[in-house]
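Spelled out from the first residue to the last, the chains are:
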Amino acid sequence: MAKSENHLTLCFPELLASQRVQEGLAQLKKTELVKLQTLLSKADYHFPKKRCQEDLTAYLFHQQKAPSSAITRANGLCDLSGDELSEYWISIDPVQMIPDRDTLILIPSADIGITEEESKALLENFNQHFSQDGLKLIFGDAHQWFLSIKQPVAIETTPLYQVAYQSVNNHYPEGAAGNYWRQLMNETQMLFYNHEVNHQRRLLNLPEINSVWVWGEGGIDLDKINQRNNAVLLSNSDYSKGLAKFSGAEFAVTPKSFKACRNQILSSHHTLIEFNDQTFSGVSLEQMTLEQWLDLLCFLEKNWFEPVFESVKNKELDSVLLELGANKQFLITSKTLKRFWRWKKSWLAISN
């Protein structure tokens, strides 16, 4: 009986971003990353188009189009069913807005320590205030609130993660209904400023949760979701969890090592594993020192790239696709590893 194929995709956006590699080039040359460097040097590669994280997840999980953000994350958090799946969903997330000259800078609530109790108190306040508008937010978690409505809304929004730590001036909701949602955001700022949650946070010199960000609008057409019944998605992302549910795939959180999920990988046709900034250290890539970044690479070498290399070499894995933010996607098979004429490439060549 022929062996069934097993394919693995590892996704860690910006791990090998060109600027980071250039800044740490001298130390990188002294760091033992033999298996990673070999995998990348002998791989076939192509230059994919730039995608946001959610679009990239859908693409790597073999979807023709990324499902809308709000309903997919809500599905990951809340297990949607029945009429809920036929409705139009919008994210209305609590945030901090900091005045900066003639603009406001958006800070995600995940970065300012909002508690579940605080979040629920503000959500209840919002729902009471906007009840005459027929708005009732649904609690996803401390950082994610959702609105589901019967009919689509004519707005175009900017994802929260694209405007985080930036001026919001050019990113407010647009479209025929854009003005209503901009007014709602302004009204919410006044509402939350006077709430007891923010009064207490001001006394404690903590950042305020003083606004909301509207984004991620859309519904779901399940007929357009590519079903992945023999696939696995390992991630810490609510969007990825919701996508796995929509597509019938197995889902679990990202493990710390290849060994921890080896049997799961080798028993499925395709496994997508996503690492985010804080999967291992609790520190984002942007905030990591050079030493922390090199330590992370060494950890990944030992716990992921070495065993992945051996699994490809031994033909346990038919292929591995690496998306590491190096401006390329790298495809490795047992055949590519045999390319003895390909010398190890420099880190600059790999990341450019």
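Treat the numbers as computed from the prediction; the structure is a model and nothing was measured.

Q: When you look at the layout of surface pockets in this model, what are you seeing that I'm missing?
A: Think of a ball as big as a water molecule: rolled over the atoms, this probe shows where empty space is left. Within this model, the second largest pocket holds a volume of roughly 650 Å³. If you go around the second largest pocket, you meet 22 residues; those closest to its centre are Lys65, Ala66, Pro67, Ser68 and Ser69. Broken down by secondary-structure element, the contributors of at least two residues to the lining of the second largest pocket are α4 (53-60), α7 (160-163) and β7 (211-218). Tallying contributions element by element places β7 first for the lining of the second largest pocket, with three residues. The residue makeup of the lining of the second largest pocket, split by class, is nine nonpolar, seven polar and six charged.

Q: Would you mind going over the sheet that holds strand β12 (residues 329-332) with me for this structure?
A: Strand pairing in a sheet relies on backbone hydrogen bonds. The paired strands run either parallel or antiparallel. Spatially, β2-β12-β11-β1-β10-β8-β9 is the arrangement adopted by the seven strands of the open sheet, whose pairing is mixed. At either margin of the open sheet sits one strand with a lone partner, and together these are β2 (44-46) and β9 (250-252). On average, adjacent strands in this sheet sit at an angle of 15 degrees to one another, irrespective of strand direction. Sitting on the sheet, α4 touches β1 (7-11), β2, β10 (270-274), β11 (319-323) and β12, and the angle it makes with β10 is about 160 degrees.

Q: Quick question: what am I supposed to make of unusual backbone geometry here?
A: For residues other than glycine, phi is negative in most cases, and the peptide bonds are mostly trans. Here His62, not a glycine, exhibits a phi torsion of approximately 65 degrees, which is positive. As for its position among the elements, His62 is in the loop between α4 and α5 (69-78). Overall, the relative accessible area of 42% leaves His62 in the partly exposed class. The residue Tyr165 is not glycine, and still its phi comes out positive at about 65 degrees. With respect to the element layout, Tyr165 can be found in the loop between α7 and α8 (178-193). The class for Tyr165 is partly exposed, based on a relative accessible area of 48%.

Q: How should the pairing of β12 be read in this particular structure?
A: Side-chain direction in a regular strand flips from residue to residue, so the side chains alternate between the two faces of the sheet. Bridge count between β2 and β12: three bridges; the pairing is antiparallel. Along β12, the bridge assignment pairs Asp44 with Leu331. Bridge analysis of β11 against β12 gives four bridges, and the strand direction is antiparallel. Paired with Glu323 across the two strands is Gln329, which belongs to β12. Here β11 folds back onto β12 in antiparallel fashion, the turn holding five residues, of which Gly325 has a positive phi close to 70 degrees.

Rules used in this analysis
- Residues numbered from 1 in each chain as written.
- Predicted model: local features only at pLDDT ≥ 70, side-chain atom pairs only at ≥ 80, totals over all residues.
- Heavy atoms only, no water.
- 1 Å grid on protein atoms, 1.4 Å probe; cavity = no way out; pocket = protein on both sides within 12 Å on 5 of 7 lines; lining within 4 Å.
- Points joined across faces, edges and corners; volume = space filled by probe spheres on them.
- Helix = DSSP H or I, 4+ residues; strand = E, 2+ residues; numbered from the N terminus.
- Nonpolar A, V, L, I, M, F, W, Y, C, P; charged D, E, K, R; others polar.
- Pairing = 2+ DSSP bridges.
- Axes fitted to C-alpha atoms, helices over the stretch in contact; angles between N-to-C directions.
- Contact = heavy atoms within 4.5 Å.
- Buried < 20%, exposed > 50% of the residue type's maximum accessible area, 1.4 Å probe, protein only.

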